[in-house]
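Here is how the chains run, residue by residue.
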Amino acid sequence: TEPNNREALKLQGICNKKLGQYREAIASFKSVLEEGTADSAEVRYHLYDSYLKLGNKLAAYKYIDQAAEEDPSNVRYKLDRAALSIELFKFDAAK
């Protein structure tokens, strides 16, 4: 896929998320990841947020954990992972 198409899919996902269309957003973000992208940590963060808005904390944790591992310098990813870890009783990951 062309880089412009990946960017369009990501923007579509962001728009869906802002409109509360979380399932549609998730589908777009997953498509972006399948195509490969340089900013996959950001896309994984959007997946985390979308799943969290749907109340699926386990799926949300999977993506915030991946985002935090992929971009360890991003403090927001680490803080959000720690907070969700505590909610899910994953105390080892809350560091």
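See above for the structure.
Here we summarise the structure given alongside this text. Just so it is clear, the structure is predicted and the values come from calculations on it, not from any experiment.

1. What about the nonpolar core?
Residues L47, Y48, Y51, I64 and Y77 are the most contacted members of the largest nonpolar core, which totals 21 residues. For this core, the secondary structure elements donating two or more residues are α2 (22-35), α3 (40-53), α4 (57-70) and α5 (75-87). Take this core: its biggest share by element is seven residues, from α4.

2. Things to note about α2
The terminal C-alpha atoms of α2 lie 20 Å apart, and with 14 residues this matches the ideal 20 Å at 1.5 Å per residue to within 8%. Within the span of α2, buried status applies to Y22, A25, I26, S28, F29, V32 and L33. Buried residues of α2, seen end-on, are gathered within an arc of 165° and therefore sit on one face of the element. In α2, those exposed residues whose orientation departs by more than 90 degrees from the buried face are R23 and E34. One or two residues past the end of α2 sits G36, with phi positive at roughly 85°.

3. A look at the side chain of S40
Position of S40 relative to the elements: it lies in helix α3. Since its relative accessible area comes to 9%, S40 is described here as buried. Other than its neighbours up to four places away in sequence, S40 contacts L33 and E70.

What counts as what
- Starting afresh in each chain, residues are numbered from 1 along the sequence in its written order.
- In keeping with the predicted nature of the model, local features appear solely for residues at pLDDT of at least 70, side-chain atom pairs appear and are counted solely at 80 or more, and the whole-chain, interface and lining totals rest on all residues.
- Only hydrogens and water are removed before side-chain values are computed, so all heavy atoms of the structure are retained for them.
- Put simply, a nonpolar core is a bunch of buried Ala, Val, Leu, Ile, Met, Phe, Trp, Tyr and Cys residues held in one set by side-chain atoms that sit within 4.5 Å of each other.
- Partly exposed residues are those whose accessible area sits between 20% and 50% of the maximum for their type, while under 20% is buried and over 50% is exposed, using a 1.4 Å probe and protein chains only.
- Only DSSP runs of H or I reaching four residues or more are called helices, and only runs of E reaching two or more are called strands; each is numbered from the N terminus.
- The span one expects for a helix is its residue count, reduced by one, times 1.5 Å.
- Throughout, the arc means that of the directions going from the helix axis to the C-beta atoms.
- Any two residues having at least one pair of non-hydrogen atoms within 4.5 Å are treated as being in contact.

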